[in-house]
Amino acid sequence: MTSENLTLFETEYKAGKYAFERGQYRNSVQHLETAKDNIELNSRFGGEVQIWLVTAYQATGQIQEATALCKQLTRHPRLETRQQAKRILAILEAPVLRTRQEWMTKIPDLGAISESDAKDRRGSTMVSQVKSRPPKPKTLKLEVVDPSQVNTKDNQFVWVALVLIILTVSGLVWFS
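Report on the accompanying structure. Note that the structure is predicted; figures quoted are calculated from it, not measured.

1. Some words on the overall build of the chain
For the chain, the count of helices and strands is seven helices and zero strands. What you see in the chain, going N to C, is helices and strands ordered as α-α-α-α-α-α-α. For the chain, the residues scored as buried account for 19% of the 176 residues in total. Pairs at least 24 residues apart make up 47% of the contacts formed inside the chain by residues separated by at least 6 positions. Accessible surface computed for the chain: about 15100 Å², of which carbon and sulfur atoms make up 57%.

2. Side note on the nonpolar core
As a rule of thumb, nonpolar side chains are buried together in soluble globular proteins. Formed by 21 residues in total, the largest nonpolar core has its most connected members in V49, V54 and C70. Those elements that place two or more of their residues in this core are α1 (3-21), α2 (25-37), α3 (44-59), α4 (63-73) and α5 (79-92). Counting residues per element, this core draws most heavily on α3, at six residues. In contact with V49, not counting residues within four places along its chain, are F9, Y13, L32, A35, K36 and I39.

3. What to know about the environment of N5
Examined against the element boundaries, N5 turns out to sit in helix α1. C-alpha of N5 to C-alpha of A35: the two residues are 30 residues apart in sequence and 8.8 Å apart in space.

4. Here's the deal with the pattern of salt bridges
For the coordinates displayed, the defined rule picks out four salt bridges. R78 is paired through a salt bridge with E80; the nearest N and O atoms lie 3.7 Å apart. E80 gets classed as partly exposed once you look at its relative accessible area, which sits at 46%. The shortest N-O distance in the salt bridge between E102 and R100 comes to 4.0 Å. Judged by its relative accessible area of 59%, E102 falls in the exposed class.

Quick notes on the rules
Residues numbered from 1 in each chain as written. Predicted model: local features only at pLDDT ≥ 70, side-chain atom pairs only at ≥ 80, totals over all residues. Heavy atoms only, no water. Helix = DSSP H or I, 4+ residues; strand = E, 2+ residues; numbered from the N terminus. Buried < 20%, exposed > 50% of the residue type's maximum accessible area, 1.4 Å probe, protein only. Contact = heavy atoms within 4.5 Å. Areas by Shrake-Rupley, 256 points an atom, 1.4 Å probe, with all protein chains shown as cover. Core = buried A, V, L, I, M, F, W, Y, C linked by side-chain atoms within 4.5 Å. Salt bridge = Lys/Arg side-chain N within 4 Å of Asp/Glu carboxyl O.

This is the structure we're talking about:
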């Protein structure tokens, strides 16, 4: 493996992961396939790029390609890659569960509603009449406290707490 291949692998691998994490699955597949072609497949990085490629295939709906590559990876020399491939293969080969229509929540398509059409809006008609203004910042009002009104009389709490702590500690020492 030449340094050019390694550099190309690193660039394409990073670009493939970046595209996958951004939801650009088709771009991810292209970058990861290029990276796969420039690395030794039985190496650690070869296994990693192929695992990413399996998930990218799955994300693009290429389930057959994902399953075939995953089956190959179950025989990879690295234990970690084999284990990941077996987990992913179990997911890929799992039966599709059927869901009932009443279990689903329909999300309306709000793209069809024009912003200027008042009859499509749900809610108060006051919204269209009031111009949006930024909310006024709330100011904090500090209360001035008269020092003559503050109770400064000692209520002996500290002494009671100190006596209870001393009794508890001495009791623990006595019984231990």
